[in-house]
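# Structure assessment
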Amino acid sequence: MDHHTEDKLAAPVGITLDRFIQQRQEDFPYATGELSQLLRDIALAGKIINRDINHAGLIGINGAFGQQNVQGEDQQKLDVIADIRFIRAFRNGKEVCAIISEEREELIDTGYHDGRYVIAIDPLDGSSNIDVNVSVGTIFSIYRRLSPIGTPPTLDDVMQPGNAQVAAGYVLYGSSTMLVYTTGHGVNGFTYEPSLGEFFLSHPQLKTPEKGKIYSCNEGNLNTFPKPYQQYLAECREQQFSARYIGSLVADFHRNLLKGGIYLYPPTQSAPQGKLRLLYECNALAFIVEQAGGKATDGQQRILDIAPTTLHQRAPLVIGSKAMVERLEALQTVVTQ
Ligand code: AHM
Ligand code: MG
């Protein structure tokens, strides 16, 4: 039987995430395999959280946990569960010496001081959407530590600018679950096949369109946006672009990445630095979008060049198709605030 007939009878399932990571590692002869293992740990924790989310409505873990996180927001139960699962996965993996999480006030020293990497994670972004069955996501950034191997991690290890990331990605728990990541050599997307329990390469070498026709922001805050943003959004409406805003960053970002578009979380009256966190949300997505040919700015400068000053700092975010982000940047210089 020839290959063509065979493939028609039993369609090939494609490349698994594990195989892909292994092949990539072979391209880097001096790679120790620790980063590969770390990516596998993330994928495994993602699968477990995917299961938890799918069961959430059934087993009563939906809804508020009755506590607030460090930003004073209500924590949802699944935020807490996802946080525990990822931190456990990183502790078990022993590749990272330090973790910072959107859900925790302080840096976590994993105790594995030989670990070369540190990780910043938003374990479950958009979790206020879970009760209404809307997509949520996990966002992560990986950095090489700055302090010497074998010593306790320091704050400097986790307060690096986004341009120092060695890998970043997200898991989107949507109508299907996907893992999208970059190690600085393009962006690849994997779709989870629940019956096989594996992620398969579904979106190799993702590129985002140069221009798009989708804009995504919370327009309820429009009147308090700085003038250049108001002007930009007026132009979007004049051109009859589509307004699409789920209010779940990973889902909004992912749609725009594939279709072309712009996501904006500008400064507002109640949130003068925007709402999103530089280290847990903005940096990872900025690295991915740039690797896919897009752009990310805080309105003044490239997101990846911002030197962080505090663990939980926020930054305005404008991210997506290059031409659209550049139009907003151009308006920043000509429209008076
Ligand atoms: P979270 O980290 O507390 O889940 O908040 C982040 C979410 C993003 O997913 C989303 O893009 C944004 O908050 C929506 O904010 P708003 O409700 O102000 O539009
Ligand atoms: Mg978040």
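None of these values were measured; they are calculated from a predicted model.

## Notes on the coordination of the magnesium ion (ligand 2)
Here the magnesium ion (ligand 2) is held by Glu 102 (OE), Asp 122 (OD), Asp 125 (OD) and Glu 281 (OE), and the distances to it run 1.9 to 2.6 Å. Each donor residue of the magnesium ion (ligand 2) belongs to the same chain, and together they define the spacing E-x19-D-x2-D-x155-E. Asp 122 sits in the buried class, given a relative accessible area of 0%. Using a relative accessible area of 8% as the deciding quantity, one classes Asp 125 as buried.

## Quick notes on the nonpolar core
Of all hydrophobic cores here, the largest spans 38 residues; its most connected members are Phe 90, Leu 124, Phe 140, Ile 142 and Tyr 181. Setting aside residues up to four positions removed in sequence, Ile 142 forms contacts with Leu 35, Leu 38, Leu 39, Ile 42, Tyr 117, Val 118, Ile 119, Gln 165, Val 166 and Ala 167. One finds Ile 139, Leu 249, Ala 251 and Val 289 within the second-largest nonpolar core, a separate group that totals 32 residues.

## Some details on the site of ligand 1
As a structural note, the neighbourhood of ligand 1 is formed by 16 residues, with Asp 125, Gly 126, Tyr 245, Leu 249 and Tyr 265 the closest of them. Gly 126 has a polar backbone atom sitting 2.7 Å from an oxygen atom of ligand 1. Interatomic distance of 2.8 Å between a side-chain N/O atom of Lys 275 and an oxygen atom of ligand 1. Burial of ligand 1 by the protein chains amounts to 83% of its free accessible area of 470 Å².

## Let's talk about the packing of helix 7 (residues 249-259) against helix 8 (residues 278-291)
It is at 12 Å that the axes of helix 7 and helix 8 come closest, and there the two elements cross at 10°. On the basis of their axis angle, the class for helix 7 and helix 8 is roughly parallel. Crossing hand, helix 7 versus helix 8: right-handed. Counting all contacts with helix 7, which are made through Leu 249, Phe 253 and Leu 257, the residues of helix 8 involved are Glu 281, Leu 285, Ile 288 and Val 289. Residue classes in the contact of helix 7 with helix 8 are distributed as six nonpolar, no polar and one charged.

## Section: the domain arrangement of the chain
The accessible area lost on association of the parts is a frequent measure of interface size. Partitioning the chain into domains gives domain 1 (17-203) and domain 2 (214-334). Using C-alpha coordinates to define each centre, domain 1 is positioned 23 Å away from domain 2. When domain 1 packs against domain 2, close to 2,900 Å² is buried across both sides, 63% of that on carbon and sulfur atoms. It is Ile 139, Met 159 and Tyr 170 that lose the most area in domain 1 upon contact with domain 2, and together they represent 21% of the buried surface on that side. On the surface where domain 1 and domain 2 come into contact, there are one salt bridge. Between Glu 102 and Arg 277 there is a salt bridge, with its nearest N and O atoms 3.7 Å apart. In this structure, the connection of domain 1 to domain 2 is made through 12 residue pairs in polar contact (both at pLDDT 80 or more). When residues of the side of domain 1 that touches domain 2 are traced back to their parent elements, those giving at least two are strand 3 (96-101), strand 5 (117-125), strand 6 (136-144), helix 5 (155-158), strand 7 (165-173) and strand 8 (177-182).

Calculation notes
Residues numbered from 1 in each chain as written. Chains lettered and ligands numbered in written order. Predicted model: local features only at pLDDT ≥ 70, side-chain atom pairs only at ≥ 80, totals over all residues. Heavy atoms only, no water. Donors = N, O, S within 2.8 Å, 3.2 Å for Na, K, Ca; no water. Buried < 20%, exposed > 50% of the residue type's maximum accessible area, 1.4 Å probe, protein only. Core = buried A, V, L, I, M, F, W, Y, C linked by side-chain atoms within 4.5 Å. Contact = heavy atoms within 4.5 Å. Near = heavy atom within 4 Å. Polar contact = N/O pair within 3.5 Å; in protein donor to acceptor, adjacent residues only side chain to side chain. Areas by Shrake-Rupley, 256 points an atom, 1.4 Å probe, with all protein chains shown as cover. Axes fitted to C-alpha atoms, helices over the stretch in contact; angles between N-to-C directions. Helix = DSSP H or I, 4+ residues; strand = E, 2+ residues; numbered from the N terminus. Parallel < 35°, antiparallel > 145°, perpendicular 65-115°, else oblique. Left-handed = near helix turned anticlockwise from the far one by under 90°. Nonpolar A, V, L, I, M, F, W, Y, C, P; charged D, E, K, R; others polar. Domains from an automatic or database assignment. Buried area = accessible area lost by both parts, 1.4 Å probe. Salt bridge = Lys/Arg side-chain N within 4 Å of Asp/Glu carboxyl O.

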